[in-house]
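Listed below, chain by chain, are the residues.
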Amino acid sequence: MRMILVAALLMAAPASAEVLNAEQADAIVKGCAAHARAKSQSHAIAVVDLGGHPVAMWRMDGNAFGMMEFSLEKARAVAAWGFPTSGMEEAAKGTPGFADAPHVVTVAGGMPIFSADGRTRLGGVGASGEAPADDAACALAGIAAAGLKSERAR
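A few points on the structure. All chains use their own residue numbering, which begins from 1 and follows the written sequence. Reporting in this predicted model follows two pLDDT cut-offs: at least 70 for local features of residues, and 80 or more for side-chain atom pairs to be given and counted; totals over whole chains, interfaces and linings ignore these cut-offs and use all residues. Hydrogens and water molecules were not included; the side-chain quantities draw on all heavy atoms of the structure.

Turning our attention to helix H2 (residues 22-38). Note: α-helices contain 3.6 residues per turn, so residues at a spacing of three or four share the same orientation. The end-to-end C-alpha separation of H2 is 24 Å, in line with the 24 Å expected for 17 residues at 1.5 Å each. Whether a residue is buried, partly exposed or exposed follows from its accessible area with a 1.4 Å probe, protein chains only, as a fraction of its type maximum: under 20%, in between, or over 50%, in that order. A run of H or I in DSSP becomes a helix once it reaches four residues, and a run of E becomes a strand once it reaches two; helices and strands are each numbered from the N terminus. Among the residues making up H2, those that are buried are Gln24, Ala25, Ile28, Val29, Gly31, Cys32, Ala33 and Ala36. The criterion used for residue contact is that any of the two residues' heavy atoms lie within 4.5 Å. For H2, the secondary structure elements touched by its buried residues are strand S1 (44-49), strand S2 (54-59), strand S3 (110-114), strand S4 (121-128) and helix H5 (132-145). N or O atoms closer than or at 3.5 Å make up a polar contact, with two conditions inside protein: a donor-capable atom paired with an acceptor-capable one, and, for residues adjacent in sequence, both atoms drawn from side chains. N-capping of H2 is provided by asparagine 21, with a side-chain oxygen placed 3.0 Å from the backbone N of glutamate 23. Count one or two residues on from H2 and you reach serine 40, which has phi positive near 55°. What a helix is expected to span follows from its residue count: subtract one and scale by 1.5 Å.

Structure (structure tokens):
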């Protein structure tokens, strides 16, 4: 009975629901890495879907130990919350308990990924290994290179 219910729910899901695919994730990673190389920087880059599952990850040469895990946490944070990690520090100050909530990272470098039209949130990208502002710029460059958006359309 439970299996039938699950199958019915899956069939009822819209077939046109847009999801982050491997090709898009690869373009994000490559765009971020190209941006980093142009600035002689090294980042660990993680791209996750809305469930926080890794779709693509890349640790550039020269990146320090622990940065890959940090980039993954940044990506998961923005996939969960839907706004950049740079805004999580302010949110933590203004919202009691937010800093202790799951998947909160208060360091810049995590950006949400939206569809090309900005209507659908697809996941998150995290970059780590350089100054937080450089990590964020790398993530933004990757999203743009994939033809996607980092903000919801208004």
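Let's pick the thread back up.
Okay, the sheet that holds S4 next. Note on pairing: two strands pair once DSSP finds at least 2 bridges between them. An order of S2-S1-S4-S3 is seen for the four strands of this open sheet, with the pairing classed as antiparallel. Two strands in the sheet have a free side with no partner beyond their single neighbour: S2 and S3. Going from strand to strand, the sheet's axes swing by 15° on average, the running direction of each strand aside. Bridge analysis of S1 against S2 gives five bridges, and the strand direction is antiparallel. Counterpart to valine 48 in the pairing with S2 is proline 54. Contacts between helix H3 (residues 67-81) and the sheet are confined to S1, S2, S3 and S4, with S4 contributing the most and set at about 150° to the helix. To get an axis, a line is fitted to the C-alpha atoms, and for a helix only the part in contact is used. The angle between two axes follows their N-to-C directions and goes from 0 to 180 degrees.

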